[in-house]
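Topology and contacts: notes
Read off the chains here:
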Amino acid sequence: MTAAPRLGRDFRWYLTGHAVSSWGSAFTLFAIPLLVYRLTGSAQALGTAVAVSFAPYLLFGLVLGAVVDRTDRKALMVRLELARAALLLIVPLLAVAGLLRVGTLYALSFLLTTMRIAFDAGRFAVVATLVGPDDLVAANGRLEAVSAAARVLGPVLAGAVVAVAPIVVCLVLDAVTYLVSAACLLAIRRPFRAPSPGRRPLAGVGPEIREGLRYVVRHPVLRTVSLMMVLANLVDAVTLALLVVLAKQQLGASDTQLAWLYAAGAAGVLALATLAPRLRAAFSFAQVAVGAQLGTGLLTVAFGLNRSYVGGLVLWALVCGLGATINIAATSLRQLIVPDRLRGRVMTVAAVLAWSAVPVGAVAGGVLTERFGPTAVCVAAGLIAVLVGAAFLNSPLRRADSSRRERADAAGSSV
């Protein structure tokens, strides 16, 4: 039995801010698709909303990662939280004035994602400086667990809010949580960057971007993880784009029941995130990642065939929980392998590669759902997800657990 991790005061402050902002983000995650659906009633518009929200990864991801590695991470992250709060408050003002349009929601999603890319690049690097290497899986699992717990409560409360108040109130509440997150970041004493004597930044953003790209491309495990994420996210985006339509048309869900469906997904993430350290202790990275991918595909098929609202809650919880298991394992692995000076860039390289397929999958999901219906599209997506998992059964992922010992050699060969 392993000893309980000692994550420290600074990590607790970070965890608190992350949990609160995740609670608020759950409000926005619930509100924006519902607003788009109310304004348009279109599955294609929902797919477009998902695509727009991920487009910044393709446009700015690599540049933002390099910028984060060159700047004061703490100051940048605080400013981003304040900026996101200000941005969210614009939408309620437009709604009160009767000027809210679906294009406004697309723009909001686009800008929020752009800021999130930069923030997450800093977050990925910061966690590895706040806790020791042996506690990374526990720390990432705890971060995922508390944010999932917040997302369980968030949609439920959001459903209660929209029953008595305009949907845009959810965005106001999210803005407040970003202010709390900024205060928690300011309370952290430890530097947000590990010391790296003898290393000087490369001249210009371009060379630094290329350095991060080379590191991922030349490392067989990181390259393979990124490839699997591209394929998995392509399929997952299809399911995400049709979730509201499937819940409304196939499960007959009300707005409040839709909120509970989102909450069930977060509950599944919470349950599996809590188990992540034990799973990684008992199984190899390949077994966890590939096994979770196969399970996600099979459960997605079952979710598409299901007609019971209660059954939908259970199945969606499991689908989301297994997806989170893959993310926790992959994030922890990258943090162990990658040197601090490269973490922001490698995180955004991984994110750009992983999320590049989401806009394509989301738009395709919306178009295909309008043509073939949510059931057929969801089942097809699940079957493809199973094939993706099977394709990586015999891959470099089997050597992932030895990569930590090879970190110095990998770093030396990437520059």
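**Some points on the environment of A128**
By secondary structure assignment, the location of A128 is in helix 4 (residues 102-130). Through-space distance from the C-alpha of A128 to that of A139 is 9.1 Å; in sequence the pair is 11 residues apart. Not counting residues up to four positions away in its chain, the partners in contact with A128 are L136, Q335 and R343.

**Section: the state of the cysteines**
Here the structure, examined in full by the defined rule, presents zero disulfides. Cysteine C378 shares no disulfide, and the gap to the nearest cysteine sulfur, in C320, comes to 11 Å.

**Quick look at the packing of helix 1 (residues 8-40) against helix 9 (residues 255-282)**
Geometry of a packed helix pair, given as the angle between the helix axes and the separation of the axes. For the pair helix 1 and helix 9, the least separation of the axes is 11 Å and the interaxial angle reads 140 degrees. As judged from the angle between their axes, helix 1 and helix 9 are oblique. As for how helix 1 packs across helix 9, the hand of that crossing is right-handed. Of the residues in helix 9, those touching helix 1 at L29, F30, P33, L34 and R38 are D255, L258, A259 and Y262.

**A few points about a nonpolar patch on the surface**
Among the surface-exposed residues, L58, L59 and F60 lie close enough to one another that they form a single nonpolar patch of about 280 Å² accessible area. Its place among the elements puts F60 in helix 2 (residues 43-70).

About the criteria used
- Residues numbered from 1 in each chain as written.
- Predicted model: local features only at pLDDT ≥ 70, side-chain atom pairs only at ≥ 80, totals over all residues.
- Heavy atoms only, no water.
- Helix = DSSP H or I, 4+ residues; strand = E, 2+ residues; numbered from the N terminus.
- Contact = heavy atoms within 4.5 Å.
- Disulfide = S-S within 2.5 Å.
- Axes fitted to C-alpha atoms, helices over the stretch in contact; angles between N-to-C directions.
- Parallel < 35°, antiparallel > 145°, perpendicular 65-115°, else oblique.
- Left-handed = near helix turned anticlockwise from the far one by under 90°.
- Patch = residues over 30% accessible without salt bridge, like charges linked within 9 Å, V, L, I, M, F, W, Y side chains within 5 Å.
- Areas by Shrake-Rupley, 256 points an atom, 1.4 Å probe, with all protein chains shown as cover.
- Salt bridge = Lys/Arg side-chain N within 4 Å of Asp/Glu carboxyl O.

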